[in-house]
Amino acid sequence: DGPATVKELSSKFGREVSEIIKKLMVLGVMAGINQEVDIETASILGSEFGITVEELPPAEDPTEIPEIEDSPESLLPRPPVVTIMGHVDHGKTSLLDAIRQTNVTAQEAGGITQHIGAYQVNYQGKKVVFLDTPGHEAFTAMRARGAQVTDVAILVVAADDGVMPQTIEAINHAKAAKVPIIVAVNKIDRPEANPDRVTQQLTEHGLVPEQWGGDTIVVPVSAHTKAGISELLEMILLVSEVQDLKANPNRLAYGTIIEAQLDKGRGPVASVLVQKGTLHIGDTIIAGTAFGKVRAMVNERGEKLKKAPPSTPVEVLGLSDVPQAGDILVAVDESTARAVAEKRFAKKRTDEMNQVQKVSLDDLFSQI
Ligand code: GTP
Ligand code: MG
């Protein structure tokens, strides 16, 4: 399995180390006893001795929970998940507020708005989930940890400021994640607004607007006057309909931690976006090195939920520990949860200890 050292090959082949090294030399490889030999070289070497070398499949990682395969018939339509990205102060939060106010306040009467980092709005009878991770740091962190949560990215560009460094970063992140981008040119109410200049700049970064013969949807908006907000929502629905987003609601839940913290009274509190399956009260869950049973679930309007189907953001209580943003949360049977969480914890400890050892060795060398 993996590359083997000359010493290991010698014992596997039942030949002297010197013999192995000589053969390698003939093959043009100068190797010492502890040198690793790749699989190609090892198989050529093996054939010299009349031995077939086979690569073993990688060992199963006990800290990973195997993914459930969903059959195509099990998949049902699910709401899109949208992330708002863009440069500092270009109006991401204001735009989110405008979207919420125009579409959720009516249903929200009496409810206390919770900050759970994600929320669902209802537009023309269709649900859309917005990730309130303004600034793309959270998005980057999640992507770096392999979590793919976004179906559509809204790129907010202030019409009075234009494309800025973080705008370009956001474009690159969305492209790397292969997420379609809808541009919202914000602050068009401002006297200094110059939407044409923004369009020109976007073109320079590979986003050619439809009006200019490209395929990027650009919507001029104002979070202040609410101009263009309905058009933006319509475009989001249009783009996500094309994607034909589906998930199987009838299986154990799979989701991503959006954010998490330790609450004095309630213990670890995690905002979770359920992506597949349905999360129920009482389910045994594992996220990173944390595990537990779902004690309570609350949505962003402060309402208690008994179950959370795909594309539902919920605040989950009942975990043993605070997971990290981007951790995958899965519902499993209880013994699996405990065993996997323990193995993950042990691995984290060894990783940390290796880190410490590495640092001290490096320190030592730097002092010599
Ligand atoms: P960060 O989270 O700090 O990156 O900023 P943001 O992108 O969330 O911007 P935010 O919504 O906080 O808005 C920044 C400033 O721009 C605030 O003073 C807003 O009032 C203002 N602003 C946002 N949208 C508009 C708009 O449509 N028109 C005008 N005139 N001002 C706006
Ligand atoms: Mg903000």
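Identification of the chain as Translation initiation factor IF-2 from Acetonema longum DSM 6540 is taken from an unreviewed UniProt entry. UniProt annotates the chain under Function (unreviewed entry) with the comment "One of the essential components for the initiation of protein synthesis. Protects formylmethionyl-tRNA from spontaneous hydrolysis and promotes its binding to the 30S ribosomal subunits. Also involved in the hydrolysis of GTP during the formation of the 70S ribosomal complex." Turning to the chain, the UniProt record has this under Sequence similarities (unreviewed entry): "Belongs to the TRAFAC class translation factor GTPase superfamily. Classic translation factor GTPase family. IF-2 subfamily."

Per the secondary structure count, the chain includes 10 helices and 19 strands. Across the chain, contacts joining residues at least 24 apart in sequence account for 73% of those joining residues at least 6 apart. Carbon together with sulfur atoms contributes 53% to the accessible area of the chain, which is approximately 19,300 Å² in total.

Okay, the site of ligand 1 next. Taken together, 15 residues form the shell around ligand 1, and within it Lys92, Thr93, Ser94, Asp189 and Ala223 come nearest. Measuring from an oxygen atom of ligand 1, one finds a side-chain N or O atom of threonine 93 at 2.9 Å. In the environment of ligand 1, an oxygen atom lies 3.2 Å from a nitrogen or oxygen atom belonging to the side chain of asparagine 186. With 3 residues, the single largest contributor to the shell around ligand 1 is helix H4 (residues 92–103). In terms of residue class, the shell around ligand 1 is built from 2 nonpolar, 8 polar and 5 charged.

A word on the packing of aromatic side chains. Evaluation of the coordinates by the stated rule reveals 2 aromatic pairs. Ring plane angle 35 degrees and centroid distance 6.1 Å describe the contact between tyrosine 119 and phenylalanine 130, whose orientation is recorded as tilted. Of this pair, tyrosine 119 sits in strand S5 (residues 118–123) while phenylalanine 130 sits in strand S6 (residues 126–131), and the two are 11 residues apart along the sequence. The buried category is assigned to phenylalanine 130, whose relative accessible area is 0%. For arginine 100, the ring lying beneath its charged end belongs to tyrosine 119, and the centroid distance is 4.4 Å.

Turning our eyes to something else, we now look at the sheet that holds strand S9 (residues 217–220). As summarised here, the arrangement of the 6 strands in space is S5-S6-S4-S7-S8-S9, forming an open sheet in which the pairing is mixed. Each edge of the open sheet is held by one strand with a lone partner, namely S5 and S9. Strand-to-strand, the axes of this sheet are offset by a mean angle of 30 degrees, without reference to chain direction. With 3 bridges connecting them, strand S4 (residues 81–86) and S6 associate as parallel partners. Considered in S6, the bridge of valine 82 is made with phenylalanine 130. Contacts between helix H7 (residues 165–176) and the sheet are confined to S4, strand S7 (152–158) and strand S8 (181–186), with S7 contributing the most and set at about 165 degrees to the helix. Here helix H9 (residues 229–243) sits on the sheet and contacts S4, S5, S6, S7, S8 and S9; the angle it forms with S6, its principal contact strand, is near 100 degrees.

Below, the discussion takes up the nonpolar core. One finds Leu95, Ile99, Phe130, Ile154, Ile182, Leu232 and Ile236 to be the most contacted residues of the largest nonpolar core, which totals 26 residues. Put simply, the parts of the chain that give this core at least two residues each are S4, H4, S5, S6, S7, S8, S9 and H9. Looking at this core element by element, the count peaks at 6 residues for H9. Excluding its chain neighbours within four sequence positions, the residues that come into contact with isoleucine 154 are Val82, Thr83, Ile84, Met85, Leu95, Ile182, Ala184, Leu232 and Ile236.

If you check which residues of helix H1 (residues 6–13) are buried, you get Val6, Leu9, Ser10 and Phe13. Looking down the long axis of H1, one finds its buried residues gathered within 105 degrees of arc, a one-sided arrangement. In H1, those exposed residues whose orientation departs by more than 90 degrees from the buried face are Ser11 and Lys12. On its buried face, H1 is in contact with strand S1 (4–5), helix H2 (17–26), strand S2 (36–37) and helix H3 (39–48). Backbone geometry just downstream of H1 places glycine 14 in the positive-phi region, at approximately 70 degrees.

Right, let's talk about the pairing of S5 for a bit. Burial of S5 is extensive: 5 of the 6 residues sit out of reach of the surface. Bridge count for S5 against S6 is 6 bridges, and the pairing is antiparallel. Of the residues in S6, the one forming a bridge with tyrosine 123 is lysine 126. In sequence, S5 turns back onto S6 through a hairpin of 2 residues, with glutamine 124 there showing a positive phi of about 50 degrees.

In this model, the largest pocket occupies a volume close to 790 Å³. Looking at the largest pocket, it is lined by 30 residues, and the ones nearest its centre are Thr63, Glu64, Gly288, Asp327 and Arg344. Those elements that provide at least two residues to the lining of the largest pocket are strand S19 (328–331) and helix H10 (334–367). Residue contributions to the lining of the largest pocket peak at 5 residues, all from H10. Of the residues that constitute the lining of the largest pocket, the class distribution is 12 nonpolar, 6 polar and 12 charged. Taken as a whole, the second largest pocket holds about 350 Å³ of empty space.

The rules behind these values
Residues numbered from 1 in each chain as written. Chains lettered and ligands numbered in written order. Predicted model: local features only at pLDDT ≥ 70, side-chain atom pairs only at ≥ 80, totals over all residues. Heavy atoms only, no water. UniProt positions renumbered as here; feature names shortened; annotations may be inferred. Helix = DSSP H or I, 4+ residues; strand = E, 2+ residues; numbered from the N terminus. Contact = heavy atoms within 4.5 Å. Areas by Shrake-Rupley, 256 points an atom, 1.4 Å probe, with all protein chains shown as cover. Near = heavy atom within 4 Å. Polar contact = N/O pair within 3.5 Å; in protein donor to acceptor, adjacent residues only side chain to side chain. Nonpolar A, V, L, I, M, F, W, Y, C, P; charged D, E, K, R; others polar. Phe/Tyr/Trp six-rings, centres within 6.5 Å; stacked < 30°, edge-to-face > 60°. Buried < 20%, exposed > 50% of the residue type's maximum accessible area, 1.4 Å probe, protein only. Lys NZ or Arg CZ within 6 Å of the ring centre and 35° of its normal. Pairing = 2+ DSSP bridges. Axes fitted to C-alpha atoms, helices over the stretch in contact; angles between N-to-C directions. Core = buried A, V, L, I, M, F, W, Y, C linked by side-chain atoms within 4.5 Å. Arc of directions from axis to C-beta. 1 Å grid on protein atoms, 1.4 Å probe; cavity = no way out; pocket = protein on both sides within 12 Å on 5 of 7 lines; lining within 4 Å. Points joined across faces, edges and corners; volume = space filled by probe spheres on them.

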